[in-house]
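Chain residues, written in single-letter form:
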Amino acid sequence: MKPNELMIGDWVVYDGDVEYINPIRIEGIDTTGLCITSDRDDVGFDGVQPIPITVEILEKIGFWCEHNIGYVMEEGEYEIIYDLLDHNLRILENRKQILNLEYWIEMCVHELQHAFRLCNIDKEIEIC
């Protein structure tokens, strides 16, 4: 990953954790190219990997499956819909669509976090 792809608070994994069982949270980013974490020693960007969105992660966050729609979550006046098959994220505010993102491959946790921040959705994602 590149430094410009991350923000403070993002969830990622480090150094080949292909099972995504030890996620780390970015607590800071310094000018030398290190991600500052609270869980382990500071790590370089070259070893940081995104965490793909899975059904388990979506359900842990508070999404539920709606037939022919995708995974849905309501947060205040927002409705967040993620389609695992089409890799499409839609966010509605008071039933008006304010964001529609389509991905070629599955969306990653940090991208969902960025979409929430972009739309001023105050939802903290905890995956540990």
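An account of the accompanying structure is given in this report. What you see is a predicted model, and the numbers here were worked out from it, not measured in a lab.

1. A short note on the sheet that holds strand S10 (residues 96–102)
- In spatial order, the strands read S6-S7-S8-S9-S10; together these five strands make up an open sheet with antiparallel pairing. Each having just a single partner strand, strand S6 (64–66) and S10 make up the two edges of the open sheet. Strand-to-strand twist across the sheet, computed as the mean angle between neighbouring axes with direction ignored, equals 25 degrees.
- Bridge count for S6 against strand S7 (residues 70–75) is three bridges, and the pairing is antiparallel. When the sheet's bridge partners are listed, Trp64 is paired in S7 with Val72.
- Strands in contact with helix H2 (residues 109–118) are S7, strand S8 (78–83), strand S9 (88–93) and S10; relative to S9, the strand with the most contacts, it is inclined by about 20 degrees.

2. Some points on the pairing of S7
- Here S6 hands over to S7 after three residues, with Asn68 in that stretch at a positive phi of 65 degrees.
- Bridging between S7 and S8 involves five bridges; their strand directions are antiparallel. In the sheet register, Glu74 faces S8, and the bridge partner there is Glu79.
- Hairpin connection between S7 and S8: a loop of two residues separates the two successive antiparallel strands, and Gly76 in this loop has a positive phi of roughly 65 degrees.

3. Section: the side chain of Asn88
- In this structure, Asn88 sits in strand S9.
- According to the relative accessible area criterion, Asn88 is buried, its value standing at 13%.
- Looking at Asn88, its side chain comes within polar contact range of the main-chain oxygen of Leu101, at 3.3 Å.
- Those residues in contact with Asn88 that sit more than four places away from it in its chain are Ile81, Tyr82, Asp83, Asn100, Leu101 and Glu102.

Conventions adopted
Residues numbered from 1 in each chain as written. Predicted model: local features only at pLDDT ≥ 70, side-chain atom pairs only at ≥ 80, totals over all residues. Heavy atoms only, no water. Pairing = 2+ DSSP bridges. Helix = DSSP H or I, 4+ residues; strand = E, 2+ residues; numbered from the N terminus. Axes fitted to C-alpha atoms, helices over the stretch in contact; angles between N-to-C directions. Contact = heavy atoms within 4.5 Å. Buried < 20%, exposed > 50% of the residue type's maximum accessible area, 1.4 Å probe, protein only. Polar contact = N/O pair within 3.5 Å; in protein donor to acceptor, adjacent residues only side chain to side chain.

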